[in-house]
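Structure assessment
What follows is each chain in one-letter form.
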Amino acid sequence: MWSSRLQMSVKAMGHEAILRTDTVTDAADECAIVNLGSTRLGVNLVPALKANGTTVVAHAGHKEKDLHELGRNAGCDVLVTNSELTHKFPQLIDSVLGLRK
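Summarised in this report is the structure supplied together with it. (Residues numbered from 1 in each chain as written. Predicted model: local features only at pLDDT ≥ 70, side-chain atom pairs only at ≥ 80, totals over all residues. Heavy atoms only, no water.)

**Quick look at helix α3 (residues 65-74)**
- Within the span of α3, buried status applies to Leu67, His68 and Gly71. On an axial view of α3, the arc spanned by its buried residues comes to 100°, and they lie on one face. When the buried face of α3 is taken as reference, the exposed residues oriented beyond 90 degrees from it are Lys65, Asp66 and Asn73.
- Here the buried face of α3 lies against β2 (55-60) and β3 (78-81). (Buried < 20%, exposed > 50% of the residue type's maximum accessible area, 1.4 Å probe, protein only. Helix = DSSP H or I, 4+ residues; strand = E, 2+ residues; numbered from the N terminus. Arc of directions from axis to C-beta. Contact = heavy atoms within 4.5 Å.)

**Some words on the side chain of His59**
- Mapped onto the secondary structure, His59 falls in strand β2.
- With relative accessibility at 3%, the residue His59 sits in the buried group.
- Among the polar contacts made by the side chain of His59, one reaches the side chain of Asn82 at a distance of 2.7 Å. (Polar contact = N/O pair within 3.5 Å; in protein donor to acceptor, adjacent residues only side chain to side chain.)

**Quick word on the sheet that holds β3**
- Read across the sheet, three strands follow the order β1-β2-β3 without closing on themselves; strand pairing throughout is parallel. Every interior strand has two partners, whereas the edge strands, β1 (31-35) and β3, have only one. Going from strand to strand, the sheet's axes swing by 25° on average, the running direction of each strand aside.
- With five bridges connecting them, β1 and β2 associate as parallel partners. In the sheet register, Asn35 faces β2, and the bridge partner there is His59.
- Taken strand by strand, α3 contacts β2 and β3, and its axis lies near 165° from that of β3. (Pairing = 2+ DSSP bridges. Axes fitted to C-alpha atoms, helices over the stretch in contact; angles between N-to-C directions.)

**What about the pattern of salt bridges?**
- Within the structure shown, the criterion is met by two salt bridges.
- Residue Lys50 pairs with Asp77 through a salt bridge whose shortest N-O separation is 2.7 Å. Within this pair, whereas Lys50 is found in helix α2 (residues 46-51), its partner Asp77 is found in the loop between α3 and β3, the two being separated by 27 residues in sequence.
- Look at Asp77 and you get partly exposed, because its relative accessible area is 38%.
- Between Arg72 and Glu69 there is a salt bridge, and its shortest N-O distance comes to 2.8 Å. One end of the pair is Arg72 and the other is Glu69, both in helix α3 and three residues apart, which spans about a single turn. (Salt bridge = Lys/Arg side-chain N within 4 Å of Asp/Glu carboxyl O.)

By themselves, these observations are geometric and do not establish any function.
Quick look at the structure:
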């Protein structure tokens, strides 16, 4: 559910959204949104994304302090709660893409 909503939001903002479900490609994406709560991917993707020059936005529940700490230690550029990602998505993306300029 998260991924389809995020994809629609990204497209509505005029950007291309690519859903990656298993690995990181060699291509540098402008921005990646990583669910730190994912046991299959989550924080394990961050080093490869960062190595490709991708800005990493990571999210987890507001009570999941341990996941936020994992994201911080992994080098995520921006950490947000699930609620912030949902309710402030356009501002967040504009801000993140501004970091890349």
